[in-house]
Amino acid sequence: QVQLVESGGGLVQAGGSLRLSCAASETIFSINAMAWYRQAPGKLRELVAAIANGGRTTYADSVKGRFTISRDNAKNTVYLQMNSLKPEDTAVYYCNVGLWGASYSPLNYWGQGTQVTVSS
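The sections below set out a description of the structure shown in this document. Treat the numbers as computed from the prediction; the structure is a model and nothing was measured.

**Things to note about the environment of glycine 10**
Phase 1: Assignment of secondary structure puts glycine 10 in strand β2 (residues 10–13).
Phase 2: Considering only alpha carbons, one finds glycine 10 and asparagine 53, 43 residues apart in sequence, at a separation of 28 Å.
Phase 3: Residues contacting glycine 10, with those up to four places away along its chain left out, are Leu18, Gln115, Val116 and Thr117.

See the structure below:
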């Protein structure tokens, strides 16, 4: 059974930092790409960052230079380091497993989500 468990969300002031973690089942972590999505109230879920099994990454334009995605295969964990946070980063952040071809393609495996709130 595929399981993804996120942690690390919270309330932070603008300009602050948070690090999200997503622990994944060993059976999926070694063969798939991983990603972070976010969904703000009234908006569609959007891709924030993705990382391939080999380490290749991609980012949404809105977070480039501020967020960093990484993975620790030994711990079956993917991270999202978020720096210089802005109020518009406020959303529920979800971990996802997917495939990396020409671009990242999500599979239907999602974590429960973790709330990130950035105050101005």
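**Concerning the packing of aromatic side chains**
Phase 1: Inspection of the entire model under this criterion finds 4 aromatic pairs.
Phase 2: The interplanar angle of 75° and the centroid separation of 5.0 Å between the aromatic rings of tyrosine 37 and tryptophan 110 together place this pair among those described as edge-to-face. Here the residue tyrosine 37 occupies a position in strand β4 (residues 33–39), and tryptophan 110 occupies one in strand β10 (residues 104–110), the gap between them amounting to 73 residues.
Phase 3: Residue class for tyrosine 37 comes out buried when judged on its relative accessible area of 8%.
Phase 4: Of the aromatic side chains, those joined through ring pairs into one cluster are Tyr37, Tyr94, Trp100, Tyr104 and Trp110.
Phase 5: Here the basic side chain of arginine 45 rests over the ring of tyrosine 94, its NZ or CZ set 3.7 Å away from the ring centre.
Phase 6: Directly above the ring of tryptophan 110 sits arginine 45, whose terminal nitrogen or CZ lies 4.6 Å from the centroid.

**Digging into the state of the cysteines**
Phase 1: Within this structure, the stated rule accounts for 1 disulfide.
Phase 2: The disulfide that involves cysteine 22 links it to cysteine 95, with 2.1 Å between the sulfurs. A torsion of -85° about the S-S bond marks the disulfide between cysteine 22 and cysteine 95 as left-handed. Here cysteine 95 lies in strand β9 (residues 91–100) and cysteine 22 lies in strand β3 (residues 18–24), a separation of 73 residues in the sequence. Note on accessibility: cysteine 22 and cysteine 95 belong to one class, buried.

Criteria and cut-off values
- Residues numbered from 1 in each chain as written.
- Predicted model: local features only at pLDDT ≥ 70, side-chain atom pairs only at ≥ 80, totals over all residues.
- Heavy atoms only, no water.
- Helix = DSSP H or I, 4+ residues; strand = E, 2+ residues; numbered from the N terminus.
- Contact = heavy atoms within 4.5 Å.
- Phe/Tyr/Trp six-rings, centres within 6.5 Å; stacked < 30°, edge-to-face > 60°.
- Buried < 20%, exposed > 50% of the residue type's maximum accessible area, 1.4 Å probe, protein only.
- Lys NZ or Arg CZ within 6 Å of the ring centre and 35° of its normal.
- Disulfide = S-S within 2.5 Å.

Such coordinate-based values are descriptive only and should not be taken to indicate function.
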